[in-house]
Amino acid sequence: MSVDFEHLGTSAECAVLQPTTGEHACFVLPSVGTQVVCWLESGKNIALGALFSDSEPVPSEATAEGYYQQVGNMIFQISDNKASLKNDSNDLKTILNDILTAIQNLTVSTAMGPSGTPLPPTVQAIQKAVQDLNQLLE
């Protein structure tokens, strides 16, 4: 990654420090224009991390007790022992609830006319799935 040091009138190629690599890799490059902290040592330049600033403030949804990650318009957040995944127009919990509601209200055309709604074991399984979903997702 190329880092510009405007106040010094120069730039340097820097490796980007990551929390982990290999099988459990987590790789995030700072956005173009993001302020970063660097360690510069002859031939071993490392971008240690990004800084929040007035132009790039800490997201209002982020908390010290949780986890918040935004990539483009996708947001993944964990807080209060629940997770959420959303973008500008949808969220995972709503989509899954809509699917479960559609299954619960499902009728099928038959030679004798439309079928009834699903039988009680199916309804109970769907209700349990909704409860589990509400315990997992925000």
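Summary of the structure given here.

Cut-offs used in this document
Along each chain, residue indices are assigned from 1 in the same order as the chain's sequence is written. Local features are withheld for residues below a pLDDT of 70 in this predicted model, meaning they are given only at 70 or higher, and side-chain atom pairs are given and counted only at 80 or more; totals for whole chains, interfaces and linings count all residues. Note that the side-chain values use all heavy atoms of the structure and ignore hydrogens as well as water. When DSSP finds two or more bridges between two strands, those strands count as paired. Numbering of helices and strands runs from the N terminus, with a helix taken as a DSSP run of H or I at least four residues long and a strand as a DSSP run of E at least two residues long. Lines fitted to the C-alpha atoms define the axes, with helices restricted to the stretch that makes contact. Angles between their N-to-C directions range from 0 to 180 degrees. What makes a nonpolar core is a set of buried Ala, Val, Leu, Ile, Met, Phe, Trp, Tyr and Cys residues whose side-chain atoms join them at distances within 4.5 Å. Throughout, exposure labels follow a simple rule: accessible area from a 1.4 Å probe, protein chains only, divided by the maximum for the residue type, with under 20% read as buried, over 50% as exposed, and the rest as partly exposed. Here, two residues are considered to be in contact whenever any of their heavy atoms come within 4.5 Å of each other. Each patch groups residues whose relative accessible area exceeds 30% and which form no salt bridge, using 9 Å between like charges and 5 Å between nonpolar side chains of Val, Leu, Ile, Met, Phe, Trp and Tyr. Method for areas: the Shrake-Rupley scheme with a 1.4 Å probe, in which residue coverage is limited to the protein chains shown. Salt bridges are defined by distance alone: a side-chain nitrogen of Lys or Arg within 4 Å of a carboxyl oxygen of Asp or Glu.

1. A closer look at the sheet that holds strand β8 (residues 82-86)
And then number 1: Spatial strand order, β6-β7-β8: three strands in an open sheet with antiparallel pairing. The sheet terminates laterally at β6 (67-71) and β8, the two strands that pair on one side only. Averaged over neighbouring strand pairs, the angle between their axes works out to 5 degrees when direction is ignored.
And then number 2: The sheet contact formed by strand β7 (residues 74-79) and β8 spans five bridges and is antiparallel. Note that in β8 the partner of F76 across the bridge is L85.

2. Considerations on the nonpolar core
And then number 1: Listed in full, the six residues of the largest apolar core are V3, F5, A12, C14, V36 and A47.
And then number 2: Those residues in contact with F5, other than ones at most four positions away along the chain, are T10, S11, A12, C38 and L40.
And then number 3: Listed in part, the five residues of the second largest apolar core include A83, L100, L133 and L137.

3. Considerations on a nonpolar patch on the surface
And then number 1: There is a patch of nonpolar side chains on the surface, built from Y67, M74, F76, I78, L85 and L92 and spanning about 460 Å² of accessible area.
And then number 2: It is β7 that contributes the most residues to the nonpolar patch, three residues altogether.
And then number 3: With respect to the element layout, L85 can be found in strand β8.

4. So, the pairing of strand β4 (residues 36-39)
And then number 1: As paired strands, β4 and strand β5 (residues 46-50) are joined by four bridges and run antiparallel to one another. The residue bridging W39 from the neighbouring strand is I46, located in β5.
And then number 2: Where β4 hands over to β5, the hairpin turn is made up of six residues, of which G43 adopts a positive phi near 80 degrees.

5. Topic: unusual backbone geometry
And then number 1: Not every positive phi belongs to a glycine, and D80 is a case in point at roughly 50 degrees.
And then number 2: With respect to the element layout, D80 can be found in the loop between β7 and β8.
And then number 3: Phi at N81 takes a positive value of approximately 60 degrees, unusual for a residue other than glycine.
And then number 4: Residue placement: N81 occurs in the loop between β7 and β8.
And then number 5: Residue N81 is classed as exposed on the basis of its relative accessible area of 76%.

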